[in-house]
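# Observations on the model geometry
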Amino acid sequence: MNSPLLQARGLRLALPDLAHKPLFGAAPMKRILHDVGFALHTGGTLGVIGESGSGKSTLARALTWLLPPQAGDVLFEGRPVRAFTPAELVAYRTRVQLVFQDPMSALNPRRRVRAIVTQPLRALGRLAGADDGVQQSAALLRRVGLAPNLADRYPHELSGGQRQRVGIARALALQPAALIADEVTSGLDVSAQARIVALLDELRRDTGLALVFISHDLSLVRSLCDEVLILRHGEVVEQGESARIFAQPQQAYTRELLDAIPLPEPDPGWLERGLPASA
Amino acid sequence: MTEAMTAAMSAAISAVTTPAPGAALAPPAEPVLSIEDLHVEIHQAGRISPILRGVNLSVRPGQIHALVGESGGGKSMVTKAATGLLPQGAVISQGRIVLDGQDVTRWAEPRWRTLRGRTVSMVLQDPLTALNPVRRIVAQMGDVLRLHQGLRGAEAAGECIRLLDQVQVRDPERVLRLYPHELSGGMRQRVVIAMAWACRPRLIICDEPTTALDVTVQKQVLRLIHRLAGEGQGVLLVTHDLGVVAKLCHSLSVIHGGRILESGTVHDVYAAPQHPYTRALLAATPRFDRPGHSLVPVADALIDQLIQEGRQYDLDRRVTA
């Protein structure tokens, strides 16, 4: 097999714990990621599952080197990102794009959709100053299943699902090799979720886009990802082929997560099974 | 709507009043909320757009009834009408709302204030916006107790602790002194539920109460809501999650385009959903236990279904407000 497109090895990351900062002196460091690793190939899909505070979003930032980890390596096409020159780092970030959870705060409310989705092209000088990017934005919007005439709208004039597609369209502007989607479906209703998942799956099949899909929704991860990684308190609880982990979870924590998912089938005893009561 | 569908719907509605074997329905009692043929219109810039088109719904004491549908289907409008919080320009043009035996359809704001918190209260999706960020929990819970029960000082503090204890918050004395941002999402939602529960309202409307929570925390909060209903409160749960409905609710109404398309006990509707839209919602619900189950967004599934059944359905009637 060829070398993986994106690889993480032994990532360790700690951040200052401001909640416990003494009045004078430095805040103690809090461990956020501890020995996290995976390999992602072109066209591959990795689901990262974890509850709030498990380090999912920090992992997204570490992978894009927005928060460089203290130890461990991220390798892109076999080369360590740690050794990249500033110019190489910019080039790397065009190849690995982030899509955020809340499109309302990730999209500039004062700019039209056209300006938003073509901004990456403009920032890298791939769109001349006079060019308003009508063609590029139309192509990008079509790519994510939106009507090109939405380019004239502002973000608040779109539905939640449409806004999230705009976020994806912007991430696709630079034709990345990998997309890191951080909770892109939370806050959407089931139907809008299904559309986003279908879109990501289609992009993967058509263009070989590799995907890191970060989510707390195990069912969505199951329907989209070949591999999963389960994070808890910054540590990998279990990782591997998604079919195996969902069918035969090895760890108690994974089973607990799976049991907590309400499947759409009436089951009077479900509520009282498992889990301690208080928080 | 075809005659066959109307017949199926009325059959399903009558099923609500006669509990199916095994379903944990409370014995029939006067509904705490009854909405009859409710029509709501938005009047804006000389245009009238219908938002609700004849909604029928009832919640009995001890019953957890779900209102299920996609964003824009009219779910929130129903909850707003039932709490007297319809936005400017929204007008009830037909039908009535009966809350705990009182016809509140034409009530003005001052009268509503006597009901909210005491007879009906709400738990919203995002507890961080429901709570005031610059006040400690004790002050916010204290407001509710002072306003509706006249409790002050040590008496109020004692009641706060008792309430937090009831929603299974560990170490309530400490939590009371904290600000909302110092709590986890699940803890915040417990505090909001405790506040909604403070005056033992007859009806609690929960609008997507667990959408923002992790699955394990979600399960704990669902248990809590279940326990509250066990004490005789009526609960109207607004959600798009058919998984949550299946596990928590006794009955449900499916809303789309401002209309109730199907109502019935959870048992009956899940066993044999009558309306294609209900089937489409189920098809869009992800299931980790069925690897072959590919998600179908609602509109697509619905269109497939309608083509198969050779039926017409006006998809453009979706309400976008």
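### Brief notes about the interface of chain A and chain B
- Each partner contributes residues to the interface: chain A has 37 residues there, and chain B has 43 residues.
- Counting only elements with at least two residues in the side of chain A that touches chain B, the list comes to helix 7 (190-207), helix 8 (218-224), helix 9 (242-247) and helix 10 (252-259) of chain A.
- For the side of chain A that touches chain B, the element with the highest residue contribution is helix 7 of chain A, accounting for 6 residues.
- Considered class by class, the residues forming the side of chain A that touches chain B number 22 nonpolar, 8 polar and 7 charged.

### Let's talk about the packing of helix 5 (residues 137-149) of chain B against helix 6 (residues 153-166) of chain B
All names here are of chain B.
- Where helix 5 meets helix 6, the axes come as close as 10 Å, and the angle between the chain directions of the two elements is 105°. Between helix 5 and helix 6, the interaxial angle falls into the category roughly perpendicular. The segment helix 5 lies against helix 6, with V138, M141, G142, L145 and R146 engaging A156, A157, E159, C160 and L163.
- Residue composition of the contact of helix 5 with helix 6, grouped by class: 7 nonpolar, 1 polar and 2 charged.

### Side note on the nonpolar core
- Of all hydrophobic cores here, the largest spans 158 residues; its most connected members are A:A178, A:A181, A:V212, B:A194 and B:V245.
- Residues lining this core come from more than one domain, with at least three contributed by each of domain 1 (3-119 + 202-317) and domain 2 (129-200) of chain B.
- Contacts of A:A178, omitting those with residues within four sequence positions, involve A:L5, A:L6, A:L40, A:R95, A:V96, A:L209, A:A210, A:L211 and A:V212.

### Re the domain arrangement of chain B
Residue and element names in this part refer to chain B.
- Along its sequence, chain B is carved into domain 1 (3-119 + 202-317) and domain 2 (129-200).
- Across the contact, 11 residues belong to domain 1 and 13 residues belong to domain 2.
- The greatest single-element share of the side of domain 1 that touches domain 2, amounting to 5 residues, is contributed by helix 9 (residues 215-230).
- Residue composition of the side of domain 1 that touches domain 2, by class: 8 nonpolar, 2 polar and 1 charged.

### Quick look at the environment of A:G37
Residue and element names in this part refer to chain A.
- Checked against the element boundaries, G37 lands in strand 2 (residues 29-40).
- Owing to 15 C-beta atoms within 10 Å, G37 belongs among the partly exposed residues under this scheme.
- Sequence spacing of G37 and T85 is 48 residues, and the spatial spacing of their C-alpha atoms is 23 Å.
- Residues contacting G37, with those up to four places away along its chain left out, are A8, R9, G10 and L11.

### Brief notes about the sheet that holds strand 3 (residues 45-49) of chain A
All names here are of chain A.
- Taken in spatial order, the 6 strands of this open sheet run 6-7-8-3-9-10, and their pairing is mixed. Lying at the two open borders of the sheet, with one neighbouring strand each, are strand 6 (96-99) and strand 10 (235-241). Strand-to-strand twist of the sheet, defined as the mean angle between neighbouring strand axes without regard to direction, takes the value 15°.
- Pairing geometry for strand 3 and strand 9 (residues 227-232), over 4 bridges, is parallel. The residue bridging G47 from the neighbouring strand is V228, located in strand 9.
- Sheet strands touched by helix 6 (residues 160-172): strand 6 and strand 7 (178-182). Its angle to strand 6, the strand with the most contacts, is close to 165°.

### Some thoughts on the sheet that holds strand 10 (residues 259-265) of chain B
Residues and elements named next belong to chain B.
- Taken in spatial order, the 6 strands of this open sheet run 6-7-8-3-9-10, and their pairing is mixed. Looking at strand neighbours, the two that pair on one side only are strand 6 (120-123) and strand 10, the edges of this open sheet. If you compare each strand with its neighbour and ignore which way they point, the axes differ by 20° on average.
- Relative to strand 8 (residues 234-239), strand 7 (residues 203-207) is paired through 5 bridges, and the arrangement is parallel. If you follow C206 over to strand 8, its bridge partner there is L237.

### Here we look at the packing of helix 4 (residues 113-123) of chain A against helix 5 (residues 134-143) of chain A
All names here are of chain A.
- Two elements in contact, helix 4 and helix 5, have axes whose closest approach is 9 Å; the angle formed by their N-to-C orientations is 105°. In terms of orientation, helix 4 lies roughly perpendicular with respect to helix 5. Where helix 4 abuts helix 5, its residues R114, V117, T118 and L121 lie against Q136, S137, L140 and L141.
- Split into classes, the residues belonging to the contact of helix 4 with helix 5 amount to 4 nonpolar, 3 polar and 1 charged.

### Some thoughts on the confidence of the model for chain B
Residue and element names in this part refer to chain B.
- When pLDDT is averaged along chain B, the result is 83; 83% of the residues meet or exceed 70.
- Element-level pLDDT for chain B is lowest in helix 1 (residues 3-17), with a mean of 45, against a maximum mean of 96 in strand 3 (residues 64-68).
- Across residues 5-23, where pLDDT falls below 50, the model places 26 contacts with residues more than four positions away in sequence or in other chains.
- With pLDDT under 50 throughout, residues 310-321 is counted as low confidence; its partners more than four residues away or in other chains account for 15 contacts.
- Across the predicted assembly, pTM comes out at 0.81 and ipTM at 0.78.

Cut-offs used in this document
Residues numbered from 1 in each chain as written. Chains lettered and ligands numbered in written order. Predicted model: local features only at pLDDT ≥ 70, side-chain atom pairs only at ≥ 80, totals over all residues. Contact = placed C-beta atoms within 7 Å. Helix = DSSP H or I, 4+ residues; strand = E, 2+ residues; numbered from the N terminus. Nonpolar A, V, L, I, M, F, W, Y, C, P; charged D, E, K, R; others polar. Axes fitted to C-alpha atoms, helices over the stretch in contact; angles between N-to-C directions. Parallel < 35°, antiparallel > 145°, perpendicular 65-115°, else oblique. Core = buried A, V, L, I, M, F, W, Y, C linked by C-beta atoms within 7 Å. Buried ≥ 20, exposed ≤ 12 C-beta atoms within 10 Å, placed from the backbone. Domains from an automatic or database assignment. Pairing = 2+ DSSP bridges. pLDDT = per-residue confidence, 0-100.

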